[in-house]
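# Report on the structure
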Amino acid sequence: MEYKPYLFDLFFYSLPIAYSKERKSNNVEYFKEELLEIYKLKIGAMYFAVNQDIQNIETYSSFLNEILNSGNTYYANLFREIIEETQKLITSNDYYSVSSKRFAIVKHLSQFPEIITTIDINNLKKEDFDRLIACFDKHLSAAN
Amino acid sequence: MYLTKDEILSLYESGELTIRPLLSQEQFGEMTLDLRLGTDFLVSFQGREPYIDATGDTEARPIGSFFQETKRLIGETIFLHPHQTVLCSTLEYLKLPNDIFISISTRSSYSRLGLLISSIVQPGYCGCLSLELTNQNNNAIKIRVGAAILQARFFRLSKETNYFNGTRKYACQVRPVASKANSDKELIILQRIGVK
Amino acid sequence: MSPELVTLHLSQLQKSIEKSKTNKYADSRKRDYHDNILKLFDELNKIDFLGFSADSLVLTKKIIDFCFVSVEFLDNSTLVNIPHEIVYCLEKALNEWDDTNQYIIVTSLHNDLNCFSFNTLLSLNETYYDIIKAVFSISFNHRLIQINLPKYLSQDYLANVVLYHELGHFVDLRYQITEKLSTALNLSETERSYYGEFFSDIFASQYIGEASNYYLDYIAYNDPDSLSHPSTNSRIEIVHKFLSGKSDKILDDLKDATPKSTGKELRNRRNVISDADFRNFIPTILNSEEELHSIFEVGWSLWQGKISEFEVKNITKYEKYQILNNLIEKSISNYMILEKWNSYVPY
């Protein structure tokens, strides 16, 4: 897993103390221990996040919130890949070009082109997440 | 009549004798065919029954239940403990001509270790040979699956026989099979005599 | 869900893990996978679940379940238990569609005679592997394709042709073939499911020809359309059209979609071989993978017809069943042995 500097900037706004400690130390064991702490408190929602079988706005919303709130860079990296694929799908409309591994979530996110197409994957901002979550919440309310 | 290498090779090349797989032509000796240890084994174990009942009693526990299957892949090893007998089979599937029978024994390299097999295979037999391999040594012996531990001597009869004349319990087997002694029909007669 | 219940579940897993430590595998990839499960268990054992949120407890239970299922399938896939020959054939077929060496076929033997099926939990559900990597820093390099089959039929090579169909489901899901097709064609869920079944039948028939239909006709004789499965007759018909090169809308859709998703075409992948050796009571020498898969079709066609060579010897039906299964098994086994032997012979 490759650390991308822009992700540190992204999460700085909502970093828990644990994550800011990681910036000071590259000790892998320490990082793992802090991640375990985060796991203890919040990680339940992440399980549902990229599950291929669940196309559920609530779960994707939880996934994004987890990235914002707990600063999990591994999931942030996954998110970047997913957005990139979704942008390609929106442009090409070629379902066969989408990676099979992430087809379900990419297909779902492609329903929100107005937001997806405006995201710069090399310069992810907190507002991108906020807008996507807001869009999800809007769809949830409409469904209810 | 005892067959020599040329005669055995001639039977093989004409298709009258089937050996599958034949991994090396060097298995043909001057008057024998080397055969290899196969991948499947039956190992006996002591259960709660005090003996194996081979009298034909239909109520008795099946003979096969006194044995446990185990398997090794070619190239892997297996241990034979001192005085242990395991049922094994040859790697090769053989089909013999109807006028040829073979006598199986361990090759001298292995019989010197105390590994003993002795068996006769009927003319027309088809299948992997099921054999009882016994370790007569006081030490355990570790052997490798696929090793040429056996040798077969070929004998020609004066006329052909029909292997399928009558019930054949072990035809076309590809792994060792526990004894089917209890399916011998004459045991029913003997049982009645014994009961009376 | 309470911390005590999760701790109980973990203790149950410990018993299972302890027993599995002596497992011996022919495939070193299974050993690697197993070692990762042991590491994961050790990490789980370090955690104090008191203070966990409800969501975290549920997730932890699911990870323990993941370990349980992994151990179950690995236990059933040791040297002694696994039906080597059929798994070998399936792996050869799988390698044509995915040559990453990432997927390992494992089996679980059950008492249910109809339990031919396949489970995606350990092969295609990346969530578990993502979470385990993110939280515990344990990377699984392989995935397990779980195939269930009846214990009493594990060495029945006539019945086990069904497993090619199950492998077809894996390939479909792995590449999302019918999912992408159904999105492109705007199909309903039932229609997508039908396409999935048709795909798996056609996939199987690439390797085993009409044999895929014979057993289907037996286990699902005259079944009508259901919510998830098309009628048996329509399934048989589409396989027949595929094998005879005829056209059909569904068949054409699948033939179009498959290379777009996989880079591979649906086509005949078998070489029809003679049944002369089997009639002569000897295993066949197989010279290629195409011939390897064809052996099942030979077995089926002999089973369904009369074998004069067997009849003159008064071979009973049960003996015929045993002999055909033995000859299929030995033919495959000999191919496996020669493949290994020839790869190590120095000349």
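Residues numbered from 1 in each chain as written. Chains lettered and ligands numbered in written order. Predicted model: local features only at pLDDT ≥ 70, side-chain atom pairs only at ≥ 80, totals over all residues. Heavy atoms only, no water.

## As for the overall build of chain B
Along its length, chain B carries three helices and twelve strands. By the compact-globule yardstick of 16 Å for 196 residues, chain B fits well, its C-alpha radius of gyration being 18 Å. Sorting the 196 residues of chain B into buried and exposed places 49% on the buried side. As presented, chain B carries roughly 10100 Å² of accessible surface, and 49% of it is formed by carbon and sulfur atoms. Taking the 22 positively charged and 20 negatively charged side chains of chain B as two groups, their mean positions are separated by 3 Å. (Helix = DSSP H or I, 4+ residues; strand = E, 2+ residues; numbered from the N terminus. Rg over C-alpha atoms; globule rule 2.2 N^0.38 Å. Buried < 20%, exposed > 50% of the residue type's maximum accessible area, 1.4 Å probe, protein only. Areas by Shrake-Rupley, 256 points an atom, 1.4 Å probe, with all protein chains shown as cover. Lys, Arg positive; Asp, Glu negative; His and termini not counted. Charge placed at Lys NZ, Arg CZ, Asp CG, Glu CD.)

## Some thoughts on the nonpolar core
Ranked by internal contacts, the top residues of the largest apolar core, which has 118 residues, are Ile104, Leu133 and Phe154 of chain B together with Phe296 and Ile332 of chain C. In terms of residues, this core owes the most to one element, helix H8 (residues 189-208) of chain C, which gives nine residues. Viewed by domain, this core spans two of them, domain 1 (177-269) and domain 2 (276-344) of chain C, each represented by three or more residues. Those residues in contact with Phe154 of chain B that sit more than four places away from it in its chain are Met1, Tyr2, Leu3, Ile8, Leu17, Leu33, Leu96, Ile100, Phe101 and Ile102 of chain B. Ranked by size, the runner-up nonpolar core spans 37 residues in total, among them Leu57, Val106, Leu122 and Ile131 of chain C. (Core = buried A, V, L, I, M, F, W, Y, C linked by side-chain atoms within 4.5 Å. Domains from an automatic or database assignment. Contact = heavy atoms within 4.5 Å.)

## Observations regarding the packing of aromatic side chains
Residues and elements named next belong to chain C. What the rule picks out here adds up to 23 aromatic pairs over all chains. Centroid distance Phe118 to Phe170: 6.0 Å. Interplanar angle 90°. Geometry classified as edge-to-face. Here Phe170 lies in helix H6 (residues 162-175) and Phe118 lies in strand E2 (residues 117-119), a separation of 52 residues in the sequence. Of the two residues, Phe118 and Phe170, neither departs from the other in class, the shared state being buried. Three or more aromatic residues joined by ring pairs make a cluster, and in this case those are Trp97, Tyr164, Phe199, Phe203, Tyr207 and Phe296. Between Arg143 and the ring centre of Tyr129, over which it is positioned, the NZ or CZ distance is 3.7 Å. The ring centre of Trp303 lies 5.3 Å from the NZ or CZ of Lys320, which sits over that ring. (Phe/Tyr/Trp six-rings, centres within 6.5 Å; stacked < 30°, edge-to-face > 60°. Lys NZ or Arg CZ within 6 Å of the ring centre and 35° of its normal.)

## Notes on the packing of helix H9 (residues 211-219) of chain C against helix H10 (residues 232-243) of chain C
All names here are of chain C. At a minimum axis separation of 10 Å, H9 and H10 run at an interaxial angle of 175°. One way to sum up the angle between H9 and H10 is to call them roughly antiparallel. Contacts between H9 and H10 involve Ser212, Asn213, Leu216 and Asp217 from the first element and Thr232, Arg235, Ile236, Val239 and His240 from the second. Here the contact of H9 with H10 is composed, by residue class, of three nonpolar, four polar and two charged. (Axes fitted to C-alpha atoms, helices over the stretch in contact; angles between N-to-C directions. Parallel < 35°, antiparallel > 145°, perpendicular 65-115°, else oblique. Nonpolar A, V, L, I, M, F, W, Y, C, P; charged D, E, K, R; others polar.)

## Considering the confidence of the model for chain B
All names here are of chain B. Overall, the prediction assigns chain B a mean pLDDT of 89, with 97% of residues at 70 or greater. Looking at the elements of chain B, mean pLDDT is at its lowest for helix H3 (residues 186-195), recorded as 80, and at its highest for strand E1 (residues 18-20), recorded as 98. Confidence metrics for the complex model read pTM 0.85 and ipTM 0.90. (pLDDT = per-residue confidence, 0-100.)

## Some details on the pairing of strand E1 (residues 103-110) of chain C
A regular strand places its side chains so that they alternate between the two faces of the sheet. Residue and element names in this part refer to chain C. With seven of its eight residues buried, E1 lies for the most part within the structure. For E1 and strand E3 (residues 143-150), the ladder comprises eight bridges, and the chain directions are parallel. Within E3, the position partnered with Tyr103 by the bridge is Arg143. (Pairing = 2+ DSSP bridges.)

## Here we look at the interface of chain C and chain B
Opposite the 27 residues of chain C that make contact, chain B presents 24 residues. Between chain C and chain B, the buried area comes to about 2400 Å², and carbon and sulfur atoms account for 62% of it. Taken together, the connections running from chain C to chain B amount to two salt bridges. A salt bridge links Arg20 of chain B to Asp277 of chain C, with the shortest nitrogen-to-oxygen separation between them at 3.0 Å. Viewed at the interface, chain B and chain C are joined by nine residue pairs in polar contact (both at pLDDT 80 or more). Looking at the side of chain C that touches chain B, the elements with two or more residues in it are helix H4 (84-97) and helix H15 (317-344) of chain C. Take the side of chain C that touches chain B: its biggest share by element is eleven residues, from H15 of chain C. Here the residues of the side of chain C that touches chain B sort into 14 nonpolar, six polar and seven charged. (Buried area = accessible area lost by both parts, 1.4 Å probe. Salt bridge = Lys/Arg side-chain N within 4 Å of Asp/Glu carboxyl O. Polar contact = N/O pair within 3.5 Å; in protein donor to acceptor, adjacent residues only side chain to side chain.)

## Brief notes about the environment of Asn23 of chain C
Residue and element names in this part refer to chain C. Along the chain, Asn23 falls in the loop between helix H1 (3-20) and helix H2 (28-45). For the pair Asn23 and Leu74, spaced 51 residues apart in the sequence, the C-alpha separation amounts to 8.2 Å. Those residues in contact with Asn23, other than ones at most four positions away along the chain, are Arg31, His34, Leu74, Asp75 and Thr78. A polar contact is formed between the side chain of Asn23 and the side chain of Tyr25, at a distance of 3.0 Å.

## Quick notes on the confidence of the model for chain A
Do not read the predicted coordinates in detail wherever pLDDT is low. Residues and elements named next belong to chain A. Across chain A, the average pLDDT comes to 60, with 41% of residues at or above 70. Across chain A, the element-wise mean pLDDT spans from 28 in helix H1 (residues 5-12) up to 90 in helix H8 (residues 113-116). Under a pLDDT of 50 for its full length, residues 1-55 has, in the predicted model, 116 contacts with residues more than four places off or in other chains.

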